[in-house]
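Each chain is listed here by its residues.
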Amino acid sequence: MTTLELIAAALLCLGTFFCLVGGIGLHRMPDFYTRTHAASITDTMGAGLVLVGLMFLCDGQHWTVPVKLGMVLVFVLLTSPTSGHALVKAAAAEGVRWVTGTPPDSSPDAEGSKEEV
Amino acid sequence: MPIELILFLLLFATAVVIARLKDLFAAAMLTGIFSLVSAGLFTLMDAVDVAFTEAAVGAGISTILMLGTLSMTARNEDQQPFRWLPLLVVLITGAVLIIGTLDMPAYGDFQAPAHQHELYAGFIETTREEIEHIPNIVTVILASFRGYDTLGETTVIFTAAIGVFLLLGHRMKHEQEPAPDAQPDDPSEAGNES
Amino acid sequence: MSDAPPSAKDRRPPMRMREKLILRVVSKALIPFILLFALYVQFHGDFGPGGGFQAGVIFAAGLVLYGVIFGLSSLEHVVPPRTVEIGVALGVLLYGGVGVACLVLGAGQEGVGNFLDYNVLGSHGGEGVNAHGQHLGILLVELGVGITVASSMLAIFYMFAERGRPEDDS
């Protein structure tokens, strides 16, 4: 295995580990907001590291292949946190209950706990 | 082989959960996941055009249209009593379909009629030798060799849009003009509805 | 229009525009690239995965994203419903028109010039498979498919969204 393949293997394993962490967190977290945080770890760290690892495997292929992977990486890093933000914002406006910590702000009506999702 | 098994099990679990859920918003999201896993399976079978279309349509447009529909109707499905006859029909149909697949050739078999018939071999030969600058044989088959079928598919999509136009009407706010000779205080002239 | 008891969701006013700052900025940055990607998939369908169906769906998805975040009235400013109605039929007309053009161009010669026979579209159409004719025919046909699919998806979204909106959103 060449050096590039070793680096790619390490990055792919790390990315898979983060996906696993996200899955376990999705299962074990007590609250909607913390579960969204766990899911966003899968989206950003997991997918990001897997994509970077794949970029190291493009040895002997056309130069557009790692460029396309890089563009997919940029797109994923832009849209996944935004969708997590949109989820949490919609839940806060709906009044989904939180378990610990300070309540989320910017909700037009602070009706408190409505339902546990 | 193992990864296809895992994906098929995931498909099966998602389908069972969709059928059993009463919260329709969650079911709409799960149909998006179903389409995405199907797209993954198609990619594993080397059918990337089909996977592309399935991911775009199933996980993209179909989810937003379902959510749009659900915003107009109820959120939770009503409780339905358990009935034996539909379950029996579904089981018998599923068994018949599975018995039907036992006669099919193995996946990727070289001796299968789909690979041996000279018509389909002719597609590959013609594309490779005579239409050199269109390497994607799927597009060539779709648009040129089987162009009639694609015309039919496009007409089907056109018909679907026409059906939605007819059923849901449009531009209700333009129909509020009262008739010029209607009595202004006639209670039965309720204006236009729907 | 539904007679369920009013929940907290119905009493809450729709989210104002200044509360959606992150969504607005990110979607404004990304929607041009989504539409550009749809065009790329449309015209690159000869060389890689793609073609009319995928491109139409991606184009419609980009416009639906704009409509969801910035309001349906803004989307109707950009793509009026009349344009969508015309587009739905225009794609099928283009597809059928290519077929009829093949009929007309191959009229004098026998054996060629069937409906959707692209070989007569080339410069010296006639014998055998003409690569230029095939390329032109496939390009026009996929363009027709893309136009119809994008317009149909947008039309269905318009129908659902106009039906479900109670009053004008800010």
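K.L.:
Could you clarify how one ought to interpret the packing of helix H2 (residues 32-55) of chain A against helix H3 (residues 64-94) of chain A in this entry?
P.N.:
Residue and element names in this part refer to chain A. Orientation of H2 relative to H3, taken along the N-to-C sense of each, is 180°, at an axis distance of 9 Å. Comparing the axis directions of H2 and H3 gives the class roughly antiparallel. Looking at the contact of H2 with H3 residue by residue, the classes come out as 17 nonpolar, seven polar and one charged.

K.L.:
What should I look at first to understand the packing of helix H3 (residues 48-72) of chain B against helix H3 (residues 52-70) of chain C in this one?
P.N.:
Any two packed helices are characterised by how steeply their axes cross, that is the angle between the axes, and by the distance between the axes. It is the contact of H3(B) with H3(C), at a shortest axis distance of 9 Å, that shows an interaxial angle of 30°. As judged from the angle between their axes, H3(B) and H3(C) are roughly parallel. In the packing of H3(B) onto H3(C), the handedness of the crossing is left-handed. Contacts from Phe52(B), Thr53(B), Ala56(B), Val57(B), Gly60(B), Ile61(B) and Ile64(B) in H3(B) reach Phe53(C), Gln54(C), Val57(C), Ile58(C), Ala60(C), Ala61(C) and Val64(C) in H3(C). Class assignment for the residues of the contact of H3(B) with H3(C) results in 11 nonpolar, three polar and no charged.

K.L.:
Got a minute to help me understand the nonpolar core in this structure?
P.N.:
Soluble globular proteins tend to pack their nonpolar side chains together in the buried interior. Core analysis: the largest hydrophobic core is formed by 53 residues, its most contacted members being Val57(C), Ile58(C), Ala60(C), Met153(C), Leu154(C) and Ala155(C). At the level of secondary structure, the elements contributing two or more residues to this core comprise H3, helix H7 (137-145) and helix H8 (147-168) of chain B together with helix H2 (21-43), H3, helix H5 (81-105) and helix H6 (131-164) of chain C. Among the elements that take part in this core, H6(C) stands out by supplying 14 residues, more than any other. Of the domains in this structure, domain 1 (1-76) and domain 2 (108-175) of chain B are the two that each give at least three residues to this core. Filtering out sequence-adjacent residues up to four positions away, Ala60(C) remains in contact with Ile61(B), Ala150(C), Met153(C) and Leu154(C). With seven residues, the next largest nonpolar core counts Leu11(A), Phe18(A), Leu49(A) and Phe56(A) among its residues.

K.L.:
In this structure, what is going on with the environment of Gly113(C)? I would like to understand it.
P.N.:
Residue and element names in this part refer to chain C. Relative to the elements of secondary structure, glycine 113 occurs in the loop between H5 and H6. The exposure class of glycine 113 is partly exposed, given the 18 C-beta atoms found within 10 Å. Through-space distance from the C-alpha of glycine 113 to that of alanine 101 is 8.9 Å; in sequence the pair is 12 residues apart.

K.L.:
Would you mind showing me how to read the interface of chain C and chain B here?
P.N.:
For interface size, the figure often reported is the accessible area lost on association. Facing the 47 residues of chain C at the interface are 43 residues of chain B. Here the element with the most residues in the side of chain C that touches chain B is H6(C); it accounts for 22 residues. Its residues placed into classes, the side of chain C that touches chain B shows 29 nonpolar, 14 polar and four charged.

Rules used throughout
- Residues numbered from 1 in each chain as written.
- Chains lettered and ligands numbered in written order.
- Predicted model: local features only at pLDDT ≥ 70, side-chain atom pairs only at ≥ 80, totals over all residues.
- Axes fitted to C-alpha atoms, helices over the stretch in contact; angles between N-to-C directions.
- Helix = DSSP H or I, 4+ residues; strand = E, 2+ residues; numbered from the N terminus.
- Parallel < 35°, antiparallel > 145°, perpendicular 65-115°, else oblique.
- Nonpolar A, V, L, I, M, F, W, Y, C, P; charged D, E, K, R; others polar.
- Left-handed = near helix turned anticlockwise from the far one by under 90°.
- Contact = placed C-beta atoms within 7 Å.
- Core = buried A, V, L, I, M, F, W, Y, C linked by C-beta atoms within 7 Å.
- Buried ≥ 20, exposed ≤ 12 C-beta atoms within 10 Å, placed from the backbone.
- Domains from an automatic or database assignment.

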